[in-house]
Every structure is written in C-alpha cells, then in structure tokens.
Amino acid sequence: MWLTFGFAVLVAVLVLYMPGYLVGRGLRLDRFASVAVAPAFSVFALVALGVVLFAVGITCSAWMLLLACVALCLLVFAICGSVRRAKGGTACSNPSALGDVRLQVALYVGVAVFVAALVFLHAMGDPASFSRNDDTTVHLSVVRGFLDSDTYSTLNVTKYLDIGDTGGYYPAAWHVVTAVVASFVGNEVALATNVMIFVTCTVVLPLGVLCLMRALFPDKKLVVYGGSLFSAAFCGFPWGFVVYGQLLSNLFSFAMIPAALGVLICGLAGKGGLSKCAWIAAYACSMVAVALAQPNGAFTLGVWSVLFAVSYLWDRGSSASRRGKAAAVVLLLVACGAWAALFLAPPLQGVVTYSWKSTLSVPKAVVSGLLFMFTSREGVQPFLTLLVLFGVAKTLKDKRLRWLSVAYAVALAFYVIDVSTDGFVKQLLTGFWYTDYYRTGAMTALFAIPLAALGFAWLVELGSQLVGRVRPACANGRRPLVIAVVVVVAALTACQFAPVHFAFGNTDVRPGLMKIHKEVSGRYSWNKGLTSEEDAFVKNVMSIAGHDCVINLPHDGSCWAYGVEGVNTYFRRAGTSGPVGLEERTSLIRTRLCDYASSDEVRAAVEQAGAHYVMMLDDKSGDDRTVVNLRYKEEDWAGIESITPETPGFSLVLSEGDMRLYRIGD
C-alpha cells in the first residue's frame, strides 16, 4: 500500500505542476517562479473546466479532465509564445541570484518531508486510513461523488452527486484535484486524500515559501536557506488544519498564498525580469485559485499583499516619496473601503455573521498566540516564539521589512480578538474566517514564517560571533558559522520533537509537533469510528449491494462508508439529514423503518429512496460499540435501531459480531 501511496504522490505532483508550469513559462516567468506558482494555474484550469463541462452537459472521467487541462495550458503556452515572438521577445530564464536554486528546492522539500514523515505519515500508520473528523465525511463524499458522477463543477457540490442530487457552490478545488489523483489509484479516495495532504505540506507550501523568501531576501542567503526549517514547523499552519476539521480546503488555499505574494513582490520590485502584464496575470490567477480553494484564503492573501504594497509605496525613492506616500494612503483607504463593502454584501452575510463563542481570556489568548498554540491543543512551540521575536526585532532595524512585523501583529490581533471577545468588532475583523480562531491562528502562523527565518539567521550570526570570541583560532573561515547553524538547528529540533510532556494544572503540555503527532495517531486510528473490522464488513456489503441504496445508521461509523468504500449509503454524515429536499421521507425512514411490513407509507418512502438493504455496524445490543455521539438522539433512529432478524420485512444477509446487513422485502 505504501508503494501505491508513493506512486500517488508522484501523480499528485504531476497534476499540480505539469499543466501550470506551461502557463508560467508562457507568461515569461523564470523556471523556478513557474514551478512555484504552477499549482495556482493548474487549479484555476481544472476548476474552470469542471464548471464549463458541467454547464454544457459533458461528463468525463477524471483523467480525461486532466488531459483537457493539459491541452488548455498547452494552448495558453502556444498563444503566449506567438504573441511574444510577434513582439520580438524571448522567454525569461534569469540565473539565480542566490546560487543553485535546485539546492534550495531540495532543502525546502527535504526538511518538509522529514517533518511530515514524523508528524503525519508515522502517526497515520496506514496510508489508506482517514481522520475520524466530522468534516471528513463531507470531504470524502464530495471526492467520491465527483468520481461516481463524472462531473467536477464547484457550482454543483453535494454529498449525493452519485444519485443525481442538485448541489450548490462549495470551494471544492481541493476535491477536484484529489478526485483526479484518486482516479489513478483505483478510486482510493482516503489514500488520495492523504497523498494530497502530504504533497500540499511537503511540496506546494515549501516551494511557495521559497519563492516568497527569494523575493523578500534576494541578498540574504542565510535567511533564505534558514527559511527551509519553517514552512512545515508551525502547529497552527499547516498541521492545525490536518487535525482539526479537517479543514482541507483551507490547507490547500493557504499553501498557495506564499508563492502568490512572492510573485507580487517580484512584479512590483521589477525582479526576475517580470513584465508588468506577466506579474499582474500571475498574481491575479493566483488570487483566484486561492479563492477557489477557500475564499478566506483570498482575504488572507489580501491582508498580506496590501500591507506589503502600502510599505513599498511609502518607502519608494526620495524623488517620488510624496506621491508614493499619497498612493500608500489611498491604497490603504481603498482596501478598508472594500473590506467594509464586502462585509455588508448580501451574498456574504451567511459567512460574516457566523459566530464562534470566545473561549479564552485576553491574557491567555495573547500567551497562546505567542506560543503558537492558538487552541486548546496543549502543544507549545517556545523556540519558534524566540525566533519570531528575534525576527521582529530585526525588522525594526530595516524599514523595508517592517511590514512583515505589522502583518504578523495584525494577524495576532485578529486571533486574540477572535478567541477572547464577542460582538461587532469580532465579526467585522474576523467574520470572513467564520470567526473561527483555528483559521485566524493559522493566518498568524503563516505570517510568522519569514520572521522566524530572519530570527534564525540573526541568532546564527550572533552565535557565530560568540564562537569566534570563545575560540579565536576558529574565527577565520566559515567554521564558526557552521557550528552556530548546527547548534541552533539542534536546539530547534529538540524543542520541536522532544518526546516529553509535563502537567501544567489540568493541562498535559507537549512540544507542539509531538502533540500534533499524538492527535493524528488518535484521529486516524482504525480502533474508533469506522474500525478495521467494520471497514472489512463494509467491503463485503459493497460486494453484495453494488450501488444499490443501503439505509444506515451514520453514527455507527457508516457515515464514512460512502467516501471510503463507495457504498451507496442513505445517511452520509453524523446527524439526521439525508438527501436535500426529502426531509419527510428521511424522517419516516429514520423513525419508522421497522414498520416496513405493515405500513404502506413507509414502504412508499423506501421504494422512492430506492433502498434495498439496511446496514448496522454496531448492533444496539453489542457490548463494544464504536459510535459517534455527535448530533445523536436515540429517538431519531428508533425505526432503524430496533430492526432484528425477527422483524417482519427484513431478512438477514450478512452477520459478523455486532454487524448486520439486512435485505428489505422479499
């Protein structure tokens, strides 16, 4: 299975980078920039094609969608090349300003793979397992629905695509790409989901961060190389989105932000040979792709971008300083006006008025933010705190970089307000993130990455000077620098991965990444929710029922049965909801299915649902039930849970332990 996982990783990288790279080169981006922003171009093309094909009534397999995407990107490449040749231009291939970019890529990806292998892959155990989170039932079902329906429109998303249910808009760019990857590994949706998490955290995000670091620090090699330690270092992002939710759309969206900002910086600063049209197109496409993955990612990118642009305009050369400062003020006012307008926009009211209750006092919120806990996860990252504060101090000496600290302070303020207050100010500032402190905390962690790299470089420089004073014989050459790097990296590694924990009141405190490891291990365990034995039973049900509708009790773990194994279950999320618009029928099935033999009304509901089987993974009389209690009320499921082999109208087809499969009717 791990070989299949490795093959799927290669497929995912090709899906995300092959089509988009062609567009980047067509726009005259240099080779590395084309690679860094390729996922945004690929996502844009895949999502656009999915919408268009659905609108004109064309269905296709996922691999055909990929071929269409490649063809579209080739067309863009050819058109751009023709336009360039007509104008007498050439493709841009500027040499790296920092030496061999391949070494930087290897370092960024290598460090991220090391972290992900320890925190995610080792904890996950089985590449075909999945997180027993409530949101995961939706994510897996949407991906499976795309594959079963051969449609990929983000304007028609529902858990019931396979039965022709009419859906609506959902930011499902992640799900489209995952469906394409899954189609190459036998529609193994859970495995493809894990692959996409891994590739997002070890390739998309690190290469995006590298693009940003090269744009921010073109003359600071140590900062750029040091940045490789931090793209996957923070619990808040990316790992918080893996263990909470799961917030996979947000994970994907945020991972594309650094490359987009890097393109903007290069464009405004005239770096890398970018033409004005090229960087505008690249940034605009990246912004759209980020929004297609999750709209609040666009607001996150907007905050970072506006603060950079304001700083850039304010600090322009003295000859244009007055006009630059005026432009900076105007840009900031326009951005604030746009924020207010969007906050009041009717289509967004369902988002900005959604509210999470505060959970921490202001002092605790500040401490949790500075330690990069952000939640009640009880994992602290004090060494990262130190490095970020060093980075903030460093920016105070360089006015060109102060905006990085301002952005970090703004995001931290958003998080503190989000987690510790309630009311209008909270809604206005954090409503675009659903007032969800997991998301505003992730934004803070994302904005802290460049600061941590700055702090790392400064600490190494200080350490190198100290080594030179302590051992004057080593003062010449690069030996003091190497010693300082080794010591700082060793200290960071120990603080991140030390297998220790201690009690702080009622709190079990661990190093942040080890806490994430523990959470991944628990959430991906085959001993809870849908257990390994139950999954094997579900596979047998699939072989018997095919795609016939199977009525189920979702709280017994079967809420994941459709997404993981493809069983056409009637209830696909813990709760009482079934297919949209069929609430009366759904209620009859839940509460009175046991009356099938005696009630014409119940029989009609079952026939309209097309149901032929009833599956129970945890018989009510069992002693070792692995159930999900979320939104469960016993009276809501009396019609299903009361069915036994003696119930008229039901015949036992399969029985293993406390698991049952009944055929409905004769």
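Below you will find a few notes about this structure. For clarity, every value in this text was computed on a predicted model and none was experimentally measured.

Take the state of the cysteines next. Taken as a whole and judged by the stated rule, the model has 0 disulfides. Cysteine Cys-201 is unpaired, with the sulfur of Cys-235 as its nearest cysteine sulfur at 12 Å. For Cys-201, a relative accessible area of 0% puts it in the buried group. Cys-549 supplies the cysteine sulfur nearest to Cys-594, a cysteine that is in no disulfide, at a spacing of 18 Å. When its relative accessible area of 23% is taken as the criterion, Cys-594 is described as partly exposed.

With that settled, the discussion passes to the nonpolar core. Phe-120, Phe-230, Phe-234 and Trp-239 are the most contacted members of the largest nonpolar core, which has 195 residues in total. For this core, the element with the most residues is helix H7 (residues 189–216), which contributes 21 residues. Not counting chain neighbours up to four residues away, the residues in contact with Trp-239 comprise Val-115, Ala-116, Val-119, Phe-120, Cys-201, Ala-232, Phe-234, Leu-513 and Ile-516. Within the second largest apolar cluster, 22 residues are counted, among which are Ile-551, Leu-588, Ile-589 and Trp-637.

The next point concerns the side chain of Asn-296. For Asn-296, the location among the structural elements is in helix H13 (residues 295–314). By relative accessible area, Asn-296 is classed as buried at 0%.

This part takes up the side chain of Gln-246. Structurally, the position occupied by Gln-246 is in the loop between helix H9 (235–243) and helix H10 (248–255). Classification of Gln-246 as buried rests on a relative accessible area of 1%. Separated by 2.9 Å, the side chain of Gln-246 and the backbone oxygen of Val-242 make a polar contact. A polar atom in the side chain of Gln-246 sits 3.2 Å from the side chain of Tyr-524. Other than its neighbours up to four places away in sequence, Gln-246 contacts Ser-131, Asn-133, Asp-135, Thr-136, His-139, Ile-197, Phe-241 and Tyr-524.

Quick notes on the rules
Residues numbered from 1 in each chain as written. Predicted model: local features only at pLDDT ≥ 70, side-chain atom pairs only at ≥ 80, totals over all residues. Heavy atoms only, no water. Disulfide = S-S within 2.5 Å. Buried < 20%, exposed > 50% of the residue type's maximum accessible area, 1.4 Å probe, protein only. Core = buried A, V, L, I, M, F, W, Y, C linked by side-chain atoms within 4.5 Å. Helix = DSSP H or I, 4+ residues; strand = E, 2+ residues; numbered from the N terminus. Contact = heavy atoms within 4.5 Å. Polar contact = N/O pair within 3.5 Å; in protein donor to acceptor, adjacent residues only side chain to side chain.

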